[in-house]
Amino acid sequence: MTNSTLLLPEMTEIWQQTLNWQPTQQQQQQFQQLYDLILEGNRQLNLTRITDPQEFWEKHLWDSLRGIAPQQKFISKFSENASVIDIGTGAGFPGVPIAITLPNGTITLVDSTRKKINFLEKLLTEINLKNANTVITRAEEIGHQNQHRQNYDVALIRAVGNASVCAEYVLPLLKQGGLAVIYRGNWTDEETTALQYVVKKLGGVIELIDKFTTPLSDSIRHCLYVRKIANTPDGFPRGVGIPTQKPL
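Rules behind the numbers
Residues numbered from 1 in each chain as written. Predicted model: local features only at pLDDT ≥ 70, side-chain atom pairs only at ≥ 80, totals over all residues. Heavy atoms only, no water. Helix = DSSP H or I, 4+ residues; strand = E, 2+ residues; numbered from the N terminus. Buried < 20%, exposed > 50% of the residue type's maximum accessible area, 1.4 Å probe, protein only. Contact = heavy atoms within 4.5 Å. Pairing = 2+ DSSP bridges. Axes fitted to C-alpha atoms, helices over the stretch in contact; angles between N-to-C directions. 1 Å grid on protein atoms, 1.4 Å probe; cavity = no way out; pocket = protein on both sides within 12 Å on 5 of 7 lines; lining within 4 Å. Points joined across faces, edges and corners; volume = space filled by probe spheres on them. Nonpolar A, V, L, I, M, F, W, Y, C, P; charged D, E, K, R; others polar.

A few words now on the environment of Ile136. Among the structural elements, Ile136 can be located in strand E3 (residues 132–136). Looking at Ile136, the relative accessible area reads 34%, which means it is partly exposed. In this structure the C-alpha to C-alpha distance between Ile136 and Glu190, which are 54 residues apart in sequence, comes to 34 Å. For Ile136, the residues in contact, after removing those within four places along its chain, are Asp111, Ser112, Thr113, Arg114 and Ile117.

In structure tokens, the structure reads:
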């Protein structure tokens, strides 16, 4: 079977029911191109184990967009022209589906692996996504760069470290009033208590812990929404490797 015969499901009704939104024909086409390019890229790079069309739709596309749609407020939750940064983007999730969905937003995709960034640059050109750009650097370093620190409305982090490490990476990047979205699988009350202490130290406050189930496999997922309410102290994020070795 060739890649071109693997078609993503459209799922129009599920998009509408779960996110109160559905992709335009052009966006559906871009989702398909994204899928094709990732299947192709997987031959050289270990981008994702999720290659089945339905699973890809749920675990990569739907899951990415569900993160910016708490309480079904989809795009209204963010201004149309929000500046968004995706830390540890890997194969481009959640940043690339969000860039497709928010054409007037600006999405910065950050990863420390040059091969993945090279792949994403090619992908952005092929899909014709002019509102996304890439940066190759480590999360601990970008938070101290003047053009990035306190520069974003929204910071996304998915499948990276524990939640306190995620908070230390993303809060320095947000403007005051900005929102961090931390994607998680399972989540406990004990973790909430620990995270409250950490985000307070970093100038943030937990605004919402959103628990939901995925529409096809009924998996439990959580998104944590952390609002930046004060400047993050200059020492954060700490040096390379320290946040993961010694979480706050």
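Further notes follow.
All right, on to the sheet that holds strand E1 (residues 83–87) then. The strand order across the open sheet built from 7 strands is E3-E2-E1-E4-E5-E7-E6, with neighbouring strands paired in mixed fashion. The open sheet has two free edges, formed respectively by E3 and strand E6 (204–213), since each of these has just one partner strand. Direction aside, neighbouring strands of the sheet carry axes that sit 20° apart on average. Two elements, E1 and strand E4 (residues 152–158), share 4 bridges in a ladder whose sense is parallel. From the neighbouring strand, Ile85 faces E4, where its bridge partner is Ala155.

We now examine the side chain of His148. On the secondary structure map, His148 appears in the loop between helix H6 (139–142) and E4. Once residues lying within four places of it in the same chain are set aside, the contact partners of His148 are Val135, Ile142 and Leu173.

Time to look at the pairing of E6. Here 9 bridges tie E6 to strand E7 (residues 220–228), and the two strands are oriented antiparallel to one another. Paired with Ile209 across the bridge in E7 is Leu224. The loop that links E6 with its antiparallel partner E7 comprises 6 residues; one of these, Asp218, has a positive phi angle of about 55°.

Our next topic: the layout of surface pockets. Which parts of space are left empty comes out when a probe the size of a water molecule is rolled across the atoms. By volume, the largest pocket is sized at about 860 Å³. In terms of lining residues, the largest pocket is bounded by 38 residues, among which Gly88, Gly90, Arg158, Ala159 and Val160 are the most central. Of all the secondary structure elements, the ones that give two or more residues to the lining of the largest pocket are helix H3 (53–66), strand E2 (106–111), H6, helix H7 (163–170) and strand E5 (174–184). With 4 residues, the single largest contributor to the lining of the largest pocket is H3. Of the residues assigned to the lining of the largest pocket, the class counts are 12 nonpolar, 15 polar and 11 charged.

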